[in-house]
Amino acid sequence: MNIHEKINYLELPARDIEKTRSFFSTVFGWSFVDYGHEYIAFSNEGIDGGFYRSDLNCSTTNGSALVIFYSNNLEQTMEKIKSAGGSIIKPVFTFPGGRRFHFSDPNGNEFAVWSD
C-alpha cells in the first residue's frame, strides 16, 4: 500500500548482483525480480527496494543511513550471516531497548540486526 509522504522504497548499491541475490536469499529468505543485469528488486520484506550495480557501498563511517533488521534470535541470525559470506563489523552490544550487532554483506554494505 502506498501511503502519502511515507518512506516507500529503498535502493542500495551492489558490486556483484549475483552475490547480493545469494546472500539475502540465504540469510533472510528474500526473493528477487530481475530488471536487466544491473538491478534486482525485492518486495514484502518490511519495505520494498532494490539493488543497483555500483562500485560504491553504504557505511555509517561515510555518513550513510543504517538499515536495521529485527531478529527473534540474534545469535542464530549472526551465524547465518557469517555462513553466507557476511562479516561482523561490530560485535553484539547492548543499547536501551535491546542488543544489536552490525555486519557487512559481501559487497561491503553495512547493516545491523537488533533484538529485544
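The following refers to the structure shown. All values reported here derive from a predicted model rather than from experimental measurement.

### Overview of the sheet that holds strand β5 (residues 67-70)
Taken together, four strands build an open sheet; the order of strands is β5-β8-β7-β6 and the sheet is mixed. Edge strands, defined here as strands with exactly one partner in the open sheet, are β5 and β6 (87-95). The sheet shows a mean angle of 25 degrees between the axes of neighbouring strands, direction not considered. Where strand β7 (residues 98-104) and strand β8 (residues 110-115) come together, six bridges link them in antiparallel fashion. Its bridge partner lying in β8, Arg100 is registered against Trp114. Along the sheet, helix α2 (residues 74-83) contacts β6, β7 and β8; its crossing angle with β7, the most-contacted strand, is approximately 5 degrees.

### Quick look at unusual backbone geometry
Even without glycine at this site, Glu5 takes up a positive phi of about 60 degrees. Relative to the helices and strands, Glu5 is located in the segment before β1 (9-14). Note on Glu5: relative accessible area 72%, which makes it exposed. Of note, the phi angle at Asn44 is positive, near 60 degrees, even though the residue is not glycine. Position of Asn44 among the secondary structure elements: in the loop between β3 (39-42) and β4 (48-53).

### Thoughts on the pairing of β7
With six of seven residues buried, β7 is to be regarded as a mostly interior element. Sheet topology places β6 next to β7; six bridges connect them, and they run antiparallel. Bridge pairing in β7 links Thr94 to Arg99. Hairpin connection between β6 and β7: a loop of two residues separates the two successive antiparallel strands, and Gly97 in this loop has a positive phi of roughly 110 degrees. From the end of β7 to the start of β8, which pair antiparallel, there are five residues, and Gly108 there has a positive phi angle of about 95 degrees.

### Quick look at the side chain of Asn107
Mapped onto the secondary structure, Asn107 falls in the loop between β7 and β8. Sequence-distant contacts of Asn107, defined by excluding residues within four places in its chain, comprise Ala14, Arg15, Asp16, Thr20 and Asn57.

### Description of the nonpolar core
Grouped together as the largest cluster of nonpolar side chains are 20 residues, with contacts concentrated most on Phe24, Phe51 and Phe103. Of all elements in the fold, only β1, α1 (17-28), β3, α2, β7 and β8 reach the threshold of two or more residues within this core. Counting residues per element, this core draws most heavily on α1, at four residues. If we skip the residues at most four places from it in the chain, Phe51 touches Leu12, Pro13, Ala14, Ile17, Thr20, Phe24, Trp30, Phe32, Glu38, Tyr39, Ile40 and Phe42.

Rules of the game
- Residues numbered from 1 in each chain as written.
- Predicted model: local features only at pLDDT ≥ 70, side-chain atom pairs only at ≥ 80, totals over all residues.
- Heavy atoms only, no water.
- Pairing = 2+ DSSP bridges.
- Helix = DSSP H or I, 4+ residues; strand = E, 2+ residues; numbered from the N terminus.
- Axes fitted to C-alpha atoms, helices over the stretch in contact; angles between N-to-C directions.
- Contact = heavy atoms within 4.5 Å.
- Buried < 20%, exposed > 50% of the residue type's maximum accessible area, 1.4 Å probe, protein only.
- Core = buried A, V, L, I, M, F, W, Y, C linked by side-chain atoms within 4.5 Å.

Spatial relationships are all this shows, so hold off on functional conclusions.
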